[in-house]
Structures are given as structure tokens and as C-alpha cells.
Amino acid sequence: MKKMGDFSSRLFFIVVLFGTLDRSASLQLIIGDCPIYFFERCIHSEVVKFILSIPSGNGSSLYELDPFNPVLPRGFNSLIPIKVVVHGYGGLDIDTSSRNVSKAYQDVGYNVIIVDWKPLAEIPCYTTAYLNTWYVAQCISILMVSLLPLGVSPEIMHVVGFSLGAHVSGLAGNNLQKVLGSSFYRITGLDPALPFFATLNNDWKLDKTDAAFVDVIHTSAGTFGKLEATGHVDFYVNGGSLQPACQYRKYPPLCSHIMAGLYFAESIRNTVFGGHSFIARKCDNVGHYILGLCNTFENMAIMGENVYYFTRGTYYLETGDQPPYALGFQEYYLKRSRSSDAFSAFVEKLKNFFKII
């Protein structure tokens, strides 16, 4: 391995890397304390780990899977759905979004494969974490292919990725398309990361071709999360940017980014334990949503774990500012009605103002 210490060397390296490397290249470097496994083959088990969680009594039992030679534990029940959770920048220690999703799935009794790639996503190494997404996706793809002889197909798997993890999920799905001709049953992108993914082609970011069904939840669009629609269905929560629970937090954009996982985790628990649903309405754009032009009973959808598989398009919804966040149909309707009435009153005042002048 090589080390590059000073800032000018790092900057030069990044420029050369983006300008000259192609898919035939292979590079393993350390920039300061930030490792890069760029186009490396997946052979380093210490940097990407797969933890299988299966229901056991009143809790869960954990097992580590070798991506090249996975062994399913004796208590594994293939009839229970498998959820794959991929964390984002910083790892599971600080990624409360992914932790909440994993815990929710464990609480309701699913099989869960937790993809832990923290050594490649450490703070403050965002640039190298971005470059490492390809390596992590390759490791996931290898595990999926290795599970096929055991009767476990990616075509029955639901992958949930937060932030950078959403793009890792998409890259893995893209790999499987090329190798197997098919991909995951579903990928859920929880506020897919924006930095470095704004102008890339679809092969290098999450998009709707990466799985049979791709649903995306936007909560910090334009700051930490991507703004444009990228799935078969995209949900923009509270307009897609600032979340009500984050208005008075120290750093509202980061808080809003994390909220994507908290909303989704709530939807998982509500599936089993009861509770309101996240009701959304189809709307062409955020302008129409703000102006109250989408307040009809037609084209409604549920966001979260129970989203209808054939839902398509762009949807907007509102939430509460504290848990439980889902408003359900009745409360959502009342809130949107009040919002619509307030806007109508504003328009009438505006008309009267222009009549006066």
C-alpha cells in the first residue's frame, strides 16, 4: 500500500483518479487515514462484513456470512422474507437511520442481512467512501450469487439502502443484471446521497433499472439527498427537504437526511403492530404540492414497507413533527384540507388587494 500525506498530493491524486482510471484499473491506496478499494476484487473480508440476523425466541441470533462460501445456520427459515440493509457514510455506529430500519425488521421477525462496510466509509473520508461504493456492491453481488445454490435468490430479496448505501444497493443490482440477467425483487432508497452523484450516468447511481421495483424516499433533497426522481416511485416527504421534526435541531439538513430511515422504520413496525399509514398523493412537482393543487382523493399511495408494487410516479405527503410520524388517512386529509383552505383564503385576499389598487 502507498501513503499520500500532504494536501497537494491528495488533491493531485483525486484529479488524476477521476481523469484517467477506467473499469480495467485496480487500485488500493490509503489517503491519510482513508482507504480506497477502487475496482479491487472483493477479497478483503475485514472491510465488508455480512451479518445475518434470524428470529430466535424473543429476539434475534446473529451469524457472519462468508460471501464466497456462505453457510446458513440451522435455525434459518427460508419461508421468512429476507431484508438486506446497507448503511451509509460513517457506518452503523452513527447511522441511526439504518440502525432503526434493521432493528425494526428484527423486531417484527424478518431475516435480515446487515451489510457492514464501516472501514470503507469512515468520517471524514466521504470522497474515498464514494469511491468504495463499487467495491462494496461487488461484494454484495458475490454473496447473492453464492446463495443461489442454497435456494436463496436475489429475486426474492428486498434491499434497503440509506444515503451512500442506496447507491451501493443500486450498483449491486446493476451487477446482478449483467451476471444473472435479473436483479433484486425490490430496492428501497432512503434519501440517496447527492454529493458526487448529481451528474453521473445511471450505471453509477441508484435508478429504476437496478431492481424489479425501486421506491425512493426523499427527505433532504438538494442538500444531503438527491433532488431528482430516481425510482419507479419517488416520495417527497414534507416537500422533500426540511422535515418538521428537525426545524429546531442544530443542523436541520442532516437531521432531515436521517429522518428517511425513521419514517421507514415506523412503517415496518406499523405493518405488524398497527398504526397509521404514510398517505401520499400523486403530484407533478413541488410547486403544485405547495400550492395545494394535488389535494384530491385520486391517485393516493402508501409510502414505506407496504408500498403497492405497481405504484408509479411522484408523490408528496406530510408527517407529524414527533413520533408516530404517520398521519393516516383521516388526519392527513384534515391537515391538507386546512392547508388548502388557508391557501384559498390567501388567494382571495390577494384578489381583493388588486381590486383595491
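The structure this text deals with has already been given above.
Treat the numbers as computed from the prediction; the structure is a model and nothing was measured.

J.: Honestly, the packing of helix α2 (residues 96-108) against helix α5 (residues 252-273) in this entry has me stumped. Any pointers?
T.: Pairs of packed helices are described in terms of their axes, by the angle between the two and the distance that separates them. Two numbers describe how α2 lies on α5: the axes approach to 7 Å, and their chain directions differ by 10°. By the angle class used here, α2 and α5 are roughly parallel. On α5, the residues that touch T96, S97, N100, V101, K103, A104, Y105, D107 and V108 of α2 are I258, A260, G261, L262, F264, A265, I268, R269, V272 and F273. Residue composition of the contact of α2 with α5, grouped by class: 12 nonpolar, four polar and three charged.

J.: Which parts of the structure should I look at to understand the sheet that holds strand β11 (residues 233-237)?
T.: Working definition: the strands of a sheet are paired by backbone hydrogen bonds and lie parallel or antiparallel to each other. Overall, mixed pairing links the 11 strands, which are arranged β5-β4-β7-β6-β8-β9-β10-β11-β14-β12-β13 in an open sheet. A strand with exactly one partner marks an edge of an open sheet, and here the two such strands are β5 (59-65) and β13 (300-303). Averaged over all pairs of adjacent strands, the angle between strand axes in this sheet comes to 25°, irrespective of strand direction. Sheet topology note: the strand β9 (residues 186-190)/strand β10 (residues 214-218) ladder contains four bridges and is parallel. What sits directly across from G189, in β10, is V216. Relative to strand β8 (residues 158-162), helix α4 (residues 164-180) is tilted by about 145°, and along the sheet it contacts β6 (82-86), β8 and β9. Along the sheet face, α5 touches β8, β9, β10, β11, β12 (278-282) and β13 and points at about 135° away from the line of β9.

J.: Looking at this structure, how should I read the pattern of salt bridges?
T.: Where charged atoms from two side chains of opposite charge come close, those side chains can pair. This structure, assessed with the given rule, holds seven salt bridges. The residue K83 makes a salt bridge to E305 at a minimum N-O spacing of 2.8 Å. Taken together, the residues span a long stretch of sequence, with K83 in strand β6 and E305 in the loop between β13 and β14 (313-317) at a distance of 222 residues. For K83, a relative accessible area of 7% translates into the label buried. Its relative accessible area of 8% is what places E305 among the buried residues. For K118, the salt bridge goes to D93, with nearest N and O atoms at 2.3 Å.

Scoring rules and cut-offs
Residues numbered from 1 in each chain as written. Predicted model: local features only at pLDDT ≥ 70, side-chain atom pairs only at ≥ 80, totals over all residues. Heavy atoms only, no water. Axes fitted to C-alpha atoms, helices over the stretch in contact; angles between N-to-C directions. Helix = DSSP H or I, 4+ residues; strand = E, 2+ residues; numbered from the N terminus. Parallel < 35°, antiparallel > 145°, perpendicular 65-115°, else oblique. Contact = heavy atoms within 4.5 Å. Nonpolar A, V, L, I, M, F, W, Y, C, P; charged D, E, K, R; others polar. Pairing = 2+ DSSP bridges. Salt bridge = Lys/Arg side-chain N within 4 Å of Asp/Glu carboxyl O. Buried < 20%, exposed > 50% of the residue type's maximum accessible area, 1.4 Å probe, protein only.

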